[in-house]
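Breakdown of the fold
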Amino acid sequence: KRGGPLRQCRRHGQNHSTTGQKSVTLSPMDFAKFFGLDLMGPIEKKIVGFSFIMMVVAAFFSLGFFHPDEQYYAVDFAAFKAGLLSSLDSWEYQTRLRPWALPFVFLPFVKFFDLLGLNPFSMATGLRLLSGLFSFGAVCLFLKTVRGSFRKAESFLWLSFLLHLGFFFKVFSVRTNSENWATAFLLVGLSFLLRKEEKGFERPLAAFLLGLAFLMRHQMGFIVLGLGLHQLFVRKVGLKRWFLGFVLPITLCFLLELALDSLGYGRLSFSPFNYIYENLYLDKIKQFGEHSVFFYLIESLKKLGPFSPLMLFGLLYFALKKRSHYLLWSVLPFLVVHHLIGHKELRFLYPVAPLMLTMGIMACEEIDLLEWKGGRPIFKFFASLNLFVMIFLALKPAYTPLKFYKALYDSGISSLHFHKVENRPIPILDLDLYVRENFKVKAYSGELQDFSGDIWTTKYGELKILAAREECEILFSTYPLSLLENFNPTNWRERSNVWALTRCEK
């Protein structure tokens, strides 16, 4: 008979032998179903496809970092363990308060890149691409999970658009920092925790993933605490089930943290305790500055544009109308603690941004704001503006001086002069991973018309003098010379740092 038992088994990815063994193969369709790609309509597929393309673009072009912590306490830690850096000199390494979980994720990739002979800049690009892929997959899983929470497809499309193509989400998704990785683990953990057809392993797996989010960034513990209390008091999973399926896996993560930190620092260490002792008990966090309780509100309105009012509206709506919702229980403890701590940076709140944005879109759907015809042109205008800003940020370096580091590294120069004027100090090239070994910077206080050799300048006026000399060649400038010469509204070039590398022959 056509299509007999063996043929039917193969059609379903199974192969039965005489011993009764069964092997299961994963097809591309299984992969698509896992991430919810099979549920997407044509518009959502375009959003996701464009999001993936822009993630790859950002990984290659968004060089560097938004904050040095991304380099010093993730990439540098991994490079140190891989033998690419001879030492780590930061006080946070000496006090052992940084977790080693993320550096150990990067370590095998750094070693592999080193075996391929890649330079540090290509290694960093590879790590950004790795971060972007993980973050992209996490967003897809989370959207698949919350899809059923929306009554209208249009509302869900707006959320998909904002999480995939929001300007700060896209450039942040390729960052190699703890905030990005902790957020991705949070979204993946939530995706398993909230499944309606729960299997026996999913709750412990979800808890373990949430524990990994804590390992990446200790402040995530407040989100995990809120979710745990929600499971116990709102979902009423039962004390025994809660302990075995939620508390125990997270406890295992604490033991994993102890093992990784001890292995990383070379002696018994537990970074959460060291962090609390140094920053809170010894109050060293004050040396980084203190801010008012309104700092996050003001900064988010200034830097996130319409995203900020949408997230704030969602938070207020849920606090009034949906007090038993898991999103509110997870977000609120995290926000309260961060507002109470004196030192504040907007990046600290990134982990709750996708959750608050989800709350905002859900709130807009419930009051039919997205159906308001008068608002549609406004929504489309801000969506178009967001795409423009997102593409612009994805194509520019996150840390522009890194382009100077790359030009210097590629030139093979072992020593460089810096034009020192009056009391201006010599800038420190402290990104050791991107500087060749035994590289030195020497001060030059003479006239630029008489200089010969390789020199580093940071002002347009200095570059202009060197560019006028026939024997000088500009090897690199953070801004094109033609732009500096022909475009100067508001006198910006005299106020800007123009890092340039110039070689002058005798």
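Relevant structure appears above.
Rules behind the numbers
Note that residues are indexed from 1 along each chain, following the sequence as it is written. With the structure being a predicted model, the display of local features is reserved for residues of pLDDT at least 70 and the display and counting of side-chain atom pairs for 80 or more, all residues being used for whole-chain, interface and lining totals. Side-chain numbers come from the whole structure's heavy atoms, not from hydrogens or water. The criterion for strand pairing is that DSSP finds at least two bridges linking the strands in question. Only DSSP runs of H or I reaching four residues or more are called helices, and only runs of E reaching two or more are called strands; each is numbered from the N terminus. Whenever a pair of cysteine sulfur atoms sits within 2.5 Å, that pair is classed as a disulfide. Burial classes follow relative accessibility: with a 1.4 Å probe on protein chains only, a residue under 20% of its type's maximum area counts as buried, one over 50% as exposed, and anything between as partly exposed. Contact criterion: two residues are considered in contact whenever any of their non-hydrogen atoms come within 4.5 Å of each other. To obtain an axis, a line is fitted to C-alpha atoms, over the contacting stretch when the element is a helix, and the angle between two such axes runs from 0 to 180 degrees between their N-to-C directions.

1. Description of the pairing of strand 1 (residues 415-419)
In this structure, strand 1 lies alongside strand 2 (residues 440-444), joined through five bridges in parallel fashion. Bridging from a neighbouring strand, H417 pairs with K442 of strand 2.

2. Focus on the state of the cysteines
According to the stated counting rule, one finds one disulfide in the structure shown. Between the sulfur of C472 and that of C504 lies a disulfide, 2.0 Å long from S to S. Residues C472 and C504 are joined by a disulfide whose S-S torsion is about 105 degrees; by sign, that bridge is right-handed. Taken as a pair, C472 in strand 4 (residues 472-477) and C504 in strand 5 (residues 500-504) lie far apart in primary sequence, 32 residues in all. Across this residue pair, the class does not change: C472 and C504 are buried.

3. Regarding the environment of L260
Tracing the sequence through the fold places L260 in helix 13 (residues 239-265). The class for L260 is buried, based on a relative accessible area of 18%. It is 55 Å that separates the C-alpha atoms of L260 and Q449, two residues lying 189 residues apart in sequence. Non-local contacts of L260, meaning those with residues more than four positions away in its chain, are made with W100, A101, F104 and L215.

4. So, the sheet that holds strand 5
In a beta sheet, neighbouring strands are held together by backbone hydrogen bonds and run either parallel or antiparallel to one another. Strand order across the open sheet formed by five strands is 2-1-3-5-4, with mixed pairing between neighbours. Sheet topology places strand 2 and strand 4 at the edges, where each strand pairs with a single neighbour. The average angle at which neighbouring strand axes cross in this sheet is 30 degrees, direction not considered. As paired strands, strand 3 (residues 453-457) and strand 5 are joined by five bridges and run antiparallel to one another. Within strand 5, the residue paired with T457 across the bridge is A500.

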